[in-house]
Amino acid sequence: MLFNSLPFLLFFLPGAFAGFYLCARLFGKLAIGWLVGVSLFFYGWWNPAYLILLCSSIVFNYGCGLLILRPTDVPRESFRQGLLVLGVGCNLLLLGYYKYLFPLLHGFEHFGFHLVRENASVVLPLGISFFTFTQIGYLVDCKAGMASGRRFIDYVLFVTFFPHLIAGPILHQREMLPQFSREETYHIKAANLAVGVSIFIVGLAKKVLVADSFAVHANALFTHSTAVHSINPPLIVAWLGSMSFAFQLYFDFSGYSDMAVGLARMFNVRFPANFDSPYRSTSIIEYWQRFHMTLTRFLNLYLYNPIALWITRRNAGKSAAGSKGTKTASGFASMVIFPTFFTMFLAGIWHGAGLQFIIFGVLHGIYLSINRTWRQLFQRKGQPEATGLSLWFETAWKISLTCLAVLIADIFFRAQSVADGFSILRSMFLLNGGSLPGNITRFQAAFAPAMDFPFLRTRALISLMVALPFVWTMPNVLQLFSAWEPTFSTPRSASPIPLKWRPTAGWAVFCGFLVVVAVLEIIKSGHASPFLYFQF
Amino acid sequence: MKTYLIKMVLAAAALCLVHALVLLYVRAPIVAEYWVRELIELKRYMAAKVNRPKIIVLGGSNVLFGIDANSIEKAMGNPAINFGLHGGMRLEDLLAEGASAAKPGDTIVLLLEPIFFEDDQSTWTEWQLVNALAWNRSSIDELPLRKKVAVFFQASNVDLSLQLLSTALGQRLFPGHYEQREQTLAPAQVIAERYLSGKFRDESRVYCAYNLDDHGDFGELKGAFCSSSGISVARPSHIAPSAKVALSRFVSLMRARHVRVAFGYSPYLIDGVDTRNWKASESVFRSDIDEIGAQVIEQRDAVFFRREYFYNGVFHLNSEGRKIRTERLIDALRRIE
């Protein structure tokens, strides 16, 4: 079930909400059982058969966690370590089977090895990447003593609570479960409901009204590329299409994250922030601190840091030079560049099974490495800070460069193949044989139904011209609702336009209008379009 | 906070009410495909002119682009009309046009795009609502109030209300700007006169009703500009219940009026499409058409075409494609004679 689908909005959410507080009134904290039930129903709506997979994964990980946590002298450290390796390994195997096995086997066909039937594949279970990562994090936390043993029902709720089940945020047990231990969680709070509903509506509008509009223009470019036809996209179409996708991704994920935060808040629960205006970042490092923040946190905690730590220890043990840390070129390369590159390489693979996703990850690995090198070499403490106009230009330049780098990587995130990705890139930078204006009419006529009429191309341009200043100046949900602490974290910076949500008539009317427009749009389109991070 | 939530609900309800009222009562020439209205009037005019038993090839734009009625007429010895209209129309309306054009002894060949067989005919699309509001208001006015409101909320968003309001305002302030749209709403006779005068032809545009010849055919369509992926050759398969009802009713009505009805296919773009699985779905489709009381006169693979035969969309053949497609239809028609 999708947050932006009519069954969810009209039946599931009101039912889940009313049922929870009714159960809470009747049975107190046993209402957790209701939430678990509706969350499993929410998951099973897509395909009930995969409930078995989800439940098996939960039982297995809970069991592993219990064994790791057993506070006796019997299980030795190596036993706990072994259990952790087994648990994490099984989770990765599960993910590997569903996400990568068949694409990999089909990949061998390029080399003449036909290992599986031509159309053999397996349906990717909904949210498998997210619930697997959540549980891997739990196991590691158990081993590190940062998770506590809980009742099974609590653990199931932690993994399946529907606002985060499908596409995150990736949570820690310690972030969510204590909130369900509090008595006040089980009473309707008008303030939380008003804030949660308003945040949810803002997110819904971002997804339905903005992201899905950009999708039309992005799809025109990415679904009709060189694989289907030999026409290279012309310069303007390549730029408009790829920028449209960048904004689709932005508003899609921002919308999803807002909806998740809003939904949780309706149940008196707060989530960590997952999105904080990444296109305002002045560097790629900052970009990853603002985009998919809980994934970045997960990668840092469970991948980057352990690798960097292991290398540091290894280097320190090897020689005296090693103890100089990142001050030497080789130390910097091994302790910073290698973990960065490796982490982003795996992040790329996590995003999908295809060479284009590896390129996406590698590009970000390169960007981050350059960024870190730059900081290491050229950023000195005590340097005079730019002020006034020069600060404005410096910031604008940094943001533009970051956005361009992200835009280029995003092409591979969306392209159907590496060849398509490079074809679009060549067109963007006039390397496709100089088809600047010549192909436009031909391409325009060809691109049905989205880009083939000039007014739609103009619409794409106008949408981008509106979206750019919007994402750079308007407050995001963290800033808009900052007085109500929508998430655990505070926004990284203040918004240039200091707009704040308040429970006033004006905001009530605005949100009321927004929800009508969004719902009518869903009805009109006849279906709820999936999120980009759906079925991940 | 409770007041805030109540106000929000009230605001949402108020907006719904205003939206429905605007769609019900405001009339203005909003942006729409007015040329389709002219197209319908001209096709009616062309069909009415013919007094002998004729062949009417009825369908969406695949017929408009892909059929040469002149060639059919020459080959079959009977007058033929290209009654290709628009694939976005409601099936009911399309069939009504065919029914009103047919006379006893005529043959109607239905070459419908797969979507006509698959969509729930009780719901309206945005295209249908917008065009009905723009140039076919009577189709809305005829509906009972409950159905009207259902259609408004099914097929439109608040932007349509805003468009109606702003166009109504714009029409008062700058009437000249909307003249062209209003001209297309002229009586049928006026549209026919414009067509006969030849002054309204516009070769620079493909989508101009006045460019048709006297059989309803488009002129030359040179080039192959379609890069979209073709639809599955397994479509159509089972006919949706509401579409089946509409088609059955049409076939019975035509039979009562001694009009023969036959079915064919819209063209398939097969580049990059798996073409192996069409036979099973065709047999399902054929048996559904049998139940309706009509027959399918051609095999689906007779209308499989390569990309070079498509003009600017997956249903729109260019001149070369049209020539081949028409020849194949003629063969099929000869077989049932």
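Residues numbered from 1 in each chain as written. Chains lettered and ligands numbered in written order. Predicted model: local features only at pLDDT ≥ 70, side-chain atom pairs only at ≥ 80, totals over all residues. Heavy atoms only, no water.

Description of the overall build of chain B
Broken down by element type, chain B carries 15 helices and nine strands. In terms of overall size, chain B behaves like a compact globule, its C-alpha atoms giving a radius of gyration of 22 Å where 337 residues would be expected to give roughly 20 Å. Principal axes of the C-alpha set define a box for chain B whose edges measure 70 × 50 × 45 Å. Buried residues in chain B amount to 54% of all 337 residues. By sequence separation, contacts in chain B at least 24 residues apart represent 81% of the contacts at least 6 residues apart. By element, 56% of the accessible surface of chain B is carried by carbon and sulfur atoms, the whole surface being about 14,700 Å². Across chain B, the mean location of the 41 positive side-chain charges is 3 Å away from that of the 39 negative side-chain charges. (Helix = DSSP H or I, 4+ residues; strand = E, 2+ residues; numbered from the N terminus. Rg over C-alpha atoms; globule rule 2.2 N^0.38 Å. Buried < 20%, exposed > 50% of the residue type's maximum accessible area, 1.4 Å probe, protein only. Contact = heavy atoms within 4.5 Å. Areas by Shrake-Rupley, 256 points an atom, 1.4 Å probe, with all protein chains shown as cover. Lys, Arg positive; Asp, Glu negative; His and termini not counted. Charge placed at Lys NZ, Arg CZ, Asp CG, Glu CD.)

Notes on the overall build of chain A
A count of helices and strands for chain A gives 20 helices and zero strands. Contacts in chain A between residues far apart in sequence, at least 24 positions, make up 77% of those at least 6 positions apart. Per element, the accessible surface of chain A, about 23,000 Å² overall, is 69% carbon and sulfur.

Let's talk about the pattern of salt bridges
Proximity of charged atoms lets side chains of opposite charge pair with each other. As enumerated under the stated definition, the model contains 32 salt bridges over all chains in all. Taken together, the shared-partner salt bridges in this structure form one network comprising Asp276, Glu286, Arg290 and Arg492 of chain A. (Salt bridge = Lys/Arg side-chain N within 4 Å of Asp/Glu carboxyl O.)

A short note on the interface of chain A and chain B
Listed by partner, the interface residues are 36 residues for chain A and 27 residues for chain B. The contact between chain A and chain B buries some 2,600 Å² in all, and 69% of this surface belongs to carbon and sulfur atoms. Between chain A and chain B we count one salt bridge in total. Linking chain A to chain B there are five residue pairs in polar contact (both at pLDDT 80 or more). (Buried area = accessible area lost by both parts, 1.4 Å probe. Polar contact = N/O pair within 3.5 Å; in protein donor to acceptor, adjacent residues only side chain to side chain.)

Concerning the nonpolar core
Residues Phe8, Phe162 and Phe267 of chain A are the most contacted members of the largest nonpolar core, which totals 152 residues. Of all hydrophobic cores here, the second largest spans 89 residues; its members include Phe218, Phe263, Ala294 and Tyr311 of chain B. (Core = buried A, V, L, I, M, F, W, Y, C linked by side-chain atoms within 4.5 Å.)

Remarks on the confidence of the model for chain A
Do not read the predicted coordinates in detail wherever pLDDT is low. Here chain A shows a mean pLDDT of 86. Residues at 70 or above account for 90%. Note on residues 434-439 of chain A: pLDDT under 50 across the span, and nine contacts to partners over four residues away in sequence or across chains. (pLDDT = per-residue confidence, 0-100.)

Remarks on helix α2 (residues 31-44) of chain A
All names here are of chain A. With 14 residues, α2 extends 20 Å between its outermost C-alpha atoms, agreeing within 8% with the 20 Å of an ideal straight helix rising 1.5 Å per residue. Turning to α2, its buried residues number three or more, namely Ala31, Ile32, Leu35, Val36, Val38, Ser39, Leu40, Phe42, Tyr43 and Gly44. Considering only its buried residues, α2 is in contact with α1 (6-27), α3 (49-69), α5 (128-143), α6 (152-160), α7 (162-165) and α8 (173-181). (Expected span 1.5 Å × (residues − 1).)

Description of the pairing of strand β2 (residues 80-84) of chain B
The element β2 of chain B is largely enclosed, with a buried count of five among its five residues. Every second residue of β2 of chain B is oriented toward a common face, with Ala80, Asn82 and Gly84 of chain B on one face and Ile81 and Phe83 of chain B on the other, all of them buried.

Some thoughts on the packing of helix α14 (residues 355-378) of chain A against helix α15 (residues 388-414) of chain A
All names here are of chain A. One can describe the packing of α14 onto α15 by two numbers: an axis separation of 7 Å at closest approach and a directional angle of 160°. Taken together, α14 and α15 sit at an angle that is classed as roughly antiparallel. Remark: the crossing between α14 and α15 carries left-handed chirality. The segment α14 lies against α15, with Gln356, Phe357, Ile359, Phe360, Leu363, His364 and Tyr367 engaging Ala405, Val406, Ile408, Ala409, Asp410, Phe412 and Phe413. (Axes fitted to C-alpha atoms, helices over the stretch in contact; angles between N-to-C directions. Parallel < 35°, antiparallel > 145°, perpendicular 65-115°, else oblique. Left-handed = near helix turned anticlockwise from the far one by under 90°.)

Focus: unusual backbone geometry
The linkage connecting Arg235 of chain B with the following residue, Pro236 of chain B, adopts the cis geometry, with an omega of -5°. Locating Pro236 of chain B in the fold gives a position in the loop between α12 (188-197) and α13 (241-256). Phi is positive for Asn268 of chain A, which is not a glycine, with a value near 65°. Relative to the helices and strands, Asn268 of chain A is located in the loop between α10 (235-266) and α11 (284-290).

With respect to the side chain of Asp410 of chain A
Residues and elements named next belong to chain A. The residue Asp410 is located in helix α15 in this model. At 11 Å, Arg414 is the nearest oppositely charged side chain to Asp410, a buried residue that forms no salt bridge. In contact with Asp410, other than residues within four places in its own chain, are Phe245, Ala246, Leu249, Tyr279 and Phe360.

Describing the packing of aromatic side chains
Residue and element names in this part refer to chain A. Within this structure, the stated rule accounts for 82 aromatic pairs over all chains. Considering the side-chain rings of Phe3 and Phe8, the 5.3 Å spacing of their centres and the 40° angle between planes classify their relative orientation as tilted. Pair check on accessibility: Phe3 and Phe8 agree, each one buried. Between Tyr287 and Phe291, the ring centres sit 5.4 Å apart and the planes meet at 15°, which makes this aromatic pair stacked. The class of Tyr287 is buried, set by a relative accessible area of 2%. (Phe/Tyr/Trp six-rings, centres within 6.5 Å; stacked < 30°, edge-to-face > 60°.)

Focus: the sheet that holds strand β3 (residues 107-111) of chain B
Residues and elements named next belong to chain B. In space, the five strands of this open sheet follow the order β2-β1-β3-β4-β6, with parallel pairing throughout. Every interior strand has two partners, whereas the edge strands, β2 and β6 (295-296), have only one. Pairing geometry for strand β1 (residues 55-59) and β2, over five bridges, is parallel. Residue pairing in the sheet places Val57 in a bridge with Asn82 of β2. The strands touched by helix α4 (residues 69-76) within the sheet are β1 and β2, with β2 carrying the most contacts at an inclination of about 150°. (Pairing = 2+ DSSP bridges.)

Considering the state of the cysteines
With the rule as written, the count across this model stands at zero disulfides over all chains. Cys64 of chain A takes part in no disulfide bond, and the closest cysteine sulfur to it belongs to Cys90 of chain A, at a distance of 6.9 Å. You can call Cys64 of chain A buried: its relative accessible area is 5%. Cys511 of chain A takes part in no disulfide bond, and the closest cysteine sulfur to it belongs to Cys16 of chain B, at a distance of 15 Å. (Disulfide = S-S within 2.5 Å.)

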